[in-house]
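These are the residues of each chain, in order.
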Amino acid sequence: MATTVADVMVATLKASGVRRVYGIPGDSLNGFTDALRRDGTMAWEHVRHEEGAAFAAAAEAALTRQLAVCAGSCGPGNLHLINGLFDANRSGVPVLAIAAQIPTVEIGGQYFQETHPQDLFRECSVYCELVSIPDQLPRMLQMAMRAALARGGVAVLVVPGDVLLADAPKGAEAVPIRATASVIRPDDGSLRAAADVLNAAGTVTILAGAGCAGAHDQLIALAGTLQAPVVHAFGGKEFVEYDNPYDVGMTGLIGFGSGYRAMEHCDALVMLGTDFPYRPFLPEGVPVIQVDIRGERIGRRVPVRVPLVGTVRDTVDALLPLLTAKTDSRHLHRLTAHYRRARARLDKLAHDRRNDSPLHPQYVAASVDRLAADDAVFTFDVGTPSIWTARYVRMNGSRRLIGSFNHGSMANALPHAIGAQASHPGRQVIALSGDGGISMLLGELITLRQRHLPVKVVVFNNGALGFVELEMKAAGIVTYGTDLDNPDFAGMARAAGLFGVRVDKAGDLEDALREAFAHDGAALVEVATARYELSLPPKLTYGEIKGFGLYATRTILSGGGEELVELTKTNLRELEVE
Ligand SMILES: Cc1ncc(C[n+]2csc(CCOP(=O)(O)OP(=O)(O)O)c2C)c(N)n1
Ligand SMILES: [Mg+2]
């Protein structure tokens, strides 16, 4: 049988180290899936919604830093990938999406299922092109893969079904395309300028993000030399927080007061591999030095005195010899002490409330953290599970943390866990899901069973879109449209062939988690958690305080007084400590 274009694609992916493709088949994709079947060495990771395929690929790529692949059939099939592809692209991870297209001869005629993926996916990709004739492949595939790896993002290759099935061009070869390794640092003049600013500053603070991956030693050395407290953005948590005596916690909407204060009171700020977007949390009027591998990110949140384009690792290595070690550590000690106090209060909060019913999500997250493996991979939903993960799930250099950090999409935890588990079969993978989040891509529970993925899902069932309620309260808006009338999630999990258990009483949590974590297969622990949890941002603006007052007044006026009493009861202790 003649070799097809799709055979060459599969051979190229295989030669490049790709081991699996996430997706759902369809007529226009048949040439590709049939080539996978004939090859027989790559896994077809069959999901139930293409959005799940894209999230799964994003998680795999985040963990491995190698290319991960997803695929969808023409029209609605690949359109469903889009939200997960936005997530992958924003996270800067290398993903190839194969978007099958309607027959070449029909393009432009409003044919059945016709869309134009090369236009639709433009905004969520670093490369997005239509292959019109077989001769364009495999070169276009190579370019797409290279773009995804080199630019850190999504490449979309749009291929009509007939092109996939066509005979491969003569002489087509499976050229391996793999990630490269480079040393990238700014020139000497730029480093000198940065050193001059830092040597002249009395106090320095570091804000560290996801770009600190692989640069833990450099980060610690820089903080030590500058006696600088290290604040982190959420995306940097897994790379920054552990074994770090300079750590003062996270800043931002769900961070710590110490993180905010460390940046408020400094003479110079060093931003390392972070695109932290919330400008009100960044300091004004101090010189900023920003290090980023992508120069276009520099200065888009705050004016930057010295832009340094390079990896954090190589740039800090080159900068360190130019710095004069600081001897005054008062700034550092003040902020680390502040952080320790806040940390101890949060830990006490989780511990003190361990017997309350319904359970407090803080205690649930702290229990998961305590019982999880030392090298567990955690994924967490956007919504309040993000807050509990940020505050209670500890990193140690081996654990990994995957979230929708930049795109902020709901329902990411379960499909991210699918990609993490499929690519790391021996590792414990824990998804921390909201009840809103799990419902949104509920079908992916079935993927866990079908693909034998032993993911452990913990559902924080607070009967609400809790995070949105929080936002409404802060804005002085009466809670509306956030109720969730939920089914029995644990029962549904059991019906789908998973181990499933619901926890209503505090005393039952630990046993349920232990049993689920020890279970040889996928498991879901549904925990009934308190709905009215407040997690105040470290810096409450006047508007937010006023907003909360407005919310309280309006809630009482609109007959919701009971909700307010409930809220106050739940949070009294937290309000006292913040
Ligand atoms: C796809 C998508 N839709 C809507 C939102 C807005 N949003 C952010 S958090 C949230 C609520 C999440 O609810 P749930 O999963 O139950 O978590 P909770 O906050 O209640 O813990 C919503 C609707 C979003 N971020 N993404
Ligand atoms: Mg909820």
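Nothing here was measured: the structure is a model prediction, and the numbers come from that model. (Residues numbered from 1 in each chain as written. Chains lettered and ligands numbered in written order. Predicted model: local features only at pLDDT ≥ 70, side-chain atom pairs only at ≥ 80, totals over all residues. Heavy atoms only, no water.)

(A) Summary view of the overall build of the protein chain. Regarding its fold elements, the protein chain presents 24 helices and 18 strands. Taking 25 Å as the expected radius of gyration for a compact globule of 578 residues, we find that the protein chain reaches 25 Å, a close match to that expectation. With the C-alpha coordinates aligned to their principal axes, the bounding extent of the protein chain is approximately 75 × 60 × 45 Å. Split into buried and exposed, the 578 residues of the protein chain put 59% on the buried side. A fraction of 74% describes how many contacts in the protein chain between residues 6 or more apart in sequence connect residues 24 or more apart. Summed over all atoms, the accessible surface of the protein chain reaches about 23,000 Å², with 52% contributed by carbon and sulfur. Side-chain charges in the protein chain split into 55 positive and 64 negative, and the spacing between the mean points of these groups amounts to 5 Å. (Helix = DSSP H or I, 4+ residues; strand = E, 2+ residues; numbered from the N terminus. Rg over C-alpha atoms; globule rule 2.2 N^0.38 Å. Buried < 20%, exposed > 50% of the residue type's maximum accessible area, 1.4 Å probe, protein only. Contact = heavy atoms within 4.5 Å. Areas by Shrake-Rupley, 256 points an atom, 1.4 Å probe, with all protein chains shown as cover. Lys, Arg positive; Asp, Glu negative; His and termini not counted. Charge placed at Lys NZ, Arg CZ, Asp CG, Glu CD.)

(B) Local environment of the sheet that holds strand E17 (residues 499-503). Reading across from one edge, E14-E13-E15-E16-E18-E17 is the order of the six strands in this open sheet, with parallel pairing throughout. Since the sheet does not close on itself, it has two edges, and those belong to strand E14 (400-402) and E17, each with one partner. The mean angle between the axes of side-by-side strands here comes to 15°, regardless of whether they run parallel or antiparallel. Two strands pair when backbone bridges link them, and strand E13 (residues 377-380) and strand E15 (residues 429-434) are joined in this way by four bridges, in the parallel orientation. Across the sheet, the residue bridging to Phe380 is Leu432, located in E15. Sitting on the sheet, helix H3 (residues 50-64) is in contact with E13 and E14, with an inclination near 145° to E14. (Pairing = 2+ DSSP bridges. Axes fitted to C-alpha atoms, helices over the stretch in contact; angles between N-to-C directions.)

(C) Layout of the coordination of the magnesium ion (ligand 2). Every protein donor of the magnesium ion (ligand 2) is accounted for by Asp435 (OD), Asn462 (OD1) and Ala464 (O), and the metal-donor separations fall at 2.0 to 2.1 Å. Expressed as a motif, the donor residue spacing for the magnesium ion (ligand 2) is D-x26-N-x1-A. (Donors = N, O, S within 2.8 Å, 3.2 Å for Na, K, Ca; no water.)

(D) Examining the pattern of salt bridges more closely. Per the counting criterion, the structure on display carries 26 salt bridges. Here Arg451 makes a salt bridge to Glu45, at a shortest N to O gap of 2.8 Å. Of this pair, Arg451 sits in the loop between helix H19 (444-450) and strand E16 (456-461) while Glu45 sits in strand E2 (residues 43-46); the two residues are 406 residues apart in sequence, bridging distant segments of the chain. Two residues, Glu526 and Arg502, come together in a salt bridge whose shortest N-O distance is 2.7 Å. Pair noted here: Glu526 is in strand E18 (residues 523-528) and Arg502 is in strand E17, with a separation of 24 residues, a long-range link. The network of salt bridges with shared partners includes Asp7, Asp34, Arg37 and Arg38. (Salt bridge = Lys/Arg side-chain N within 4 Å of Asp/Glu carboxyl O.)

(E) Spotlight on the site of ligand 1. Near ligand 1, the surroundings consist of 17 residues, among which Thr384, Asp435, Ala464, Gly466 and Phe467 are the closest. At 3.0 Å from a nitrogen atom of ligand 1 is found a main-chain nitrogen or oxygen belonging to Gly408. The contact in question runs from an oxygen atom of ligand 1 to an N or O atom on the side chain of Asp435, over 2.5 Å. Relative to its unbound accessible surface of 580 Å², ligand 1 loses 78% to contact with the protein. At the level of secondary structure, the elements contributing two or more residues to the shell around ligand 1 comprise helix H16 (384-392), helix H18 (435-440) and helix H20 (466-474). Residue composition of the shell around ligand 1, grouped by class: seven nonpolar, nine polar and one charged. (Near = heavy atom within 4 Å. Polar contact = N/O pair within 3.5 Å; in protein donor to acceptor, adjacent residues only side chain to side chain. Nonpolar A, V, L, I, M, F, W, Y, C, P; charged D, E, K, R; others polar.)

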